[in-house]
Amino acid sequence: MAEATAELTIDALARETGMTVRNIRAHQSRGLLPPPEVRARTGYYGAEHVARLKLIQELQASGYNLAAIKDLIARTDGSAAEEVLGFARVLLAPFEQESPEVIDAAELAERYGPEGDAKLLARAEKVGLIVSLGAGRYEVPSPTVMRAGEELASLGVPLAKQLDVLESLGRHAGSVSETFVRLFIEQVWKPFDRAGQPDEDWPKVCESLERLRPLASDTLVAIFQVHMTRAVEKAFGRELERRR
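None of the values given here were measured: they were computed from a predicted structure.

### With respect to the overall build of the chain
Check the secondary structure of the chain and you find 10 helices and five strands. Looking at the chain as a whole, 27% of its 244 residues qualify as buried. Here the analysis covers contacts within the chain between residues at least 6 apart in sequence; of these, 61% occur between residues at least 24 apart. Carbon and sulfur atoms make up 55% of the accessible area of the chain, which totals about 15800 Å².

Structure representation (structure tokens):
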């Protein structure tokens with residue numbers, strides 16, 4: 001690849017990357033792309049420019065805007081493109097491991113019975129239990145949560161009360177998630193960022209982020225189990241005391 005792209009004009013660079021000349025120039029004016037080597041009034045681009053543009057394309061496809069991309073790669077050169085991209089992939093990878101399911105309106109009604117009216121379904125969408133795909137089809141992001149709801153329904157817990165619990169859990173989970181993210185940023189990312197982001201440290205940051213995933217989940221489950229045990233003992237202790 002390096003030999004084939006050692007002396008590309010901007011038109012050839014556009015063909016190589018599938019981008020327009022206008023977009024390439026725009027990226028260059030924003031500081032996202034290093035300037036070309038100018039010879040006889042003609043700018044020539046090399047393999048590092050191809051790598052940088054492909055990095056930008058993949059980051060944009062992953063949901064990054066240009067400002068975020070600039071912040072991410074501002075202090076890297078073409079040789080660090082793969083490290084930056086690897087970090088972006090780890091950063092954007094979903095924490096959940098289960099695959100979503102798709103069900104239709106009939107199956108949804110069968111699971112929830114007459115309770116599944118329009119108002120409750122809208123609320124179920126709001127809390128993230130289901131996502132409407134149109135044409136009477138729904139995605140279930142977490143089948144585990146859906147199955148838990150079915151178990152609760154079999155115990156006589158109405159859907160409205162289940163959604164109350166999901167809303168409450170969502171608020172607490174958001175707070176816990178933010179706590180772990182702050183921990184990563186303050187203790188891992190900022191020291192790395194202040195150090196000037198040496199290329200060889202990118203894999204260490206990626207590894208730290210990957211280790212955070214099971215660590216956060218395991219810690220949350222362990223703490224929940226301790227508190228759940230205490231809450232059950234306390235609550236049912238009161239209930240049993242009343243029966244004496």
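### Some points on the packing of helix H9 (residues 159-194) against helix H10 (residues 202-242)
At a minimum axis distance of 11 Å, the contact between H9 and H10 shows a crossing angle of 155°. It follows from the interaxial angle that H9 and H10 lie roughly antiparallel. At the point where H9 passes H10, the crossing takes the right-handed sense. Here H9 contributes Val-176, Phe-180, Phe-184, Val-188, Trp-189 and Phe-192 to the contact with H10, which in turn contributes Trp-202, Val-205, Ser-208, Leu-209, Leu-212, Ala-216, Thr-219 and Leu-220.

### Section: the sheet that holds strand S4 (residues 131-134)
Pairing between the strands of a sheet is mediated by backbone hydrogen bonds and can be parallel or antiparallel. Pairing within the open sheet is antiparallel, and its three strands lie in the order S3-S5-S4. Each of the sheet's edge strands pairs with one partner strand only, and the pair in question is strand S3 (101-104) and S4. The average undirected angle you get between the axes of adjacent strands in this sheet is 35°. Sheet topology places S4 next to strand S5 (residues 137-140); three bridges connect them, and they run antiparallel. By the bridge assignment for S5, Val-131 is matched with Glu-139.

### Some details on the nonpolar core
By size, the foremost hydrophobic cluster in this structure holds 32 residues, and its most contacted members are Ile-24, Leu-72 and Phe-87. Counting residues per element, the ones that place at least two in this core are helix H1 (10-17), helix H3 (47-61), helix H4 (66-73), helix H5 (81-92), H9 and H10. Counting residues in hydrophobic clusters, the runner-up holds 12 residues, among them Leu-108, Leu-121, Leu-129 and Tyr-138.

### So, the packing of H3 against H4
Packing of H3 against H4 leaves a shortest axis separation of 10 Å and a crossing angle of 130°. When the axes of H3 and H4 are compared, the pair comes out oblique. Crossing of H3 over H4 shows right-handed handedness. Two secondary-structure elements touch here, H3 through Arg-52, Leu-55, Ile-56, Leu-59 and Gln-60 and H4 through Leu-66, Ile-69, Leu-72 and Ile-73. Per-class residue counts for the contact of H3 with H4 are seven nonpolar, one polar and one charged.

### Focus: H1
In an α-helix, one full turn covers 3.6 residues, which means residues spaced three or four apart are oriented alike. For H1, the complete set of buried residues consists of Ile-10, Ala-12, Leu-13, Ala-14 and Thr-17. Those residues of H1 hidden inside the fold are in contact with helix H2 (21-29), strand S2 (42-44) and H3. Two residues or fewer past H1, Gly-18 is found with a positive phi of approximately 75°.

### Here's the deal with unusual backbone geometry
Excluding glycine, residues mostly have negative phi values, and the peptide bonds linking residues are mostly trans. One non-glycine residue, Ala-40, lies in positive phi territory at about 50°. One can find Ala-40 in the loop between strand S1 (37-39) and S2. Of note in the backbone geometry, Ala-135 takes a positive phi value of approximately 55° without being a glycine. The residue Ala-135 is located in the loop between S4 and S5 in this model.

### Notes on the confidence of the model for the chain
With 87% of its residues at a pLDDT of 70 or more, the chain shows a mean pLDDT of 83. Every residue in residues 1-5 is under pLDDT 50, and counting partners more than four places away or in other chains gives eight contacts.

### Overview of the pattern of salt bridges
By the definition in use, this model includes six salt bridges. A salt bridge links Arg-39 to Glu-37, with the shortest nitrogen-to-oxygen separation between them at 3.1 Å. Judged by its relative accessible area of 47%, Glu-37 is partly exposed. A salt bridge links Asp-164 to Arg-123, with the nearest nitrogen and oxygen atoms 2.2 Å apart. A residue pair is termed long-range when its members are at least 10 positions apart, and Asp-164 in helix H9 and Arg-123 in helix H7 (residues 118-126) qualify at 41 residues. Each of Arg-123, Lys-161, Asp-164 and Glu-167 takes part in a single network of salt bridges with overlapping partners.

The rules behind each value
- Residues numbered from 1 in each chain as written.
- Predicted model: local features only at pLDDT ≥ 70, side-chain atom pairs only at ≥ 80, totals over all residues.
- Heavy atoms only, no water.
- Helix = DSSP H or I, 4+ residues; strand = E, 2+ residues; numbered from the N terminus.
- Buried < 20%, exposed > 50% of the residue type's maximum accessible area, 1.4 Å probe, protein only.
- Contact = heavy atoms within 4.5 Å.
- Areas by Shrake-Rupley, 256 points an atom, 1.4 Å probe, with all protein chains shown as cover.
- Axes fitted to C-alpha atoms, helices over the stretch in contact; angles between N-to-C directions.
- Parallel < 35°, antiparallel > 145°, perpendicular 65-115°, else oblique.
- Left-handed = near helix turned anticlockwise from the far one by under 90°.
- Pairing = 2+ DSSP bridges.
- Core = buried A, V, L, I, M, F, W, Y, C linked by side-chain atoms within 4.5 Å.
- Nonpolar A, V, L, I, M, F, W, Y, C, P; charged D, E, K, R; others polar.
- pLDDT = per-residue confidence, 0-100.
- Salt bridge = Lys/Arg side-chain N within 4 Å of Asp/Glu carboxyl O.

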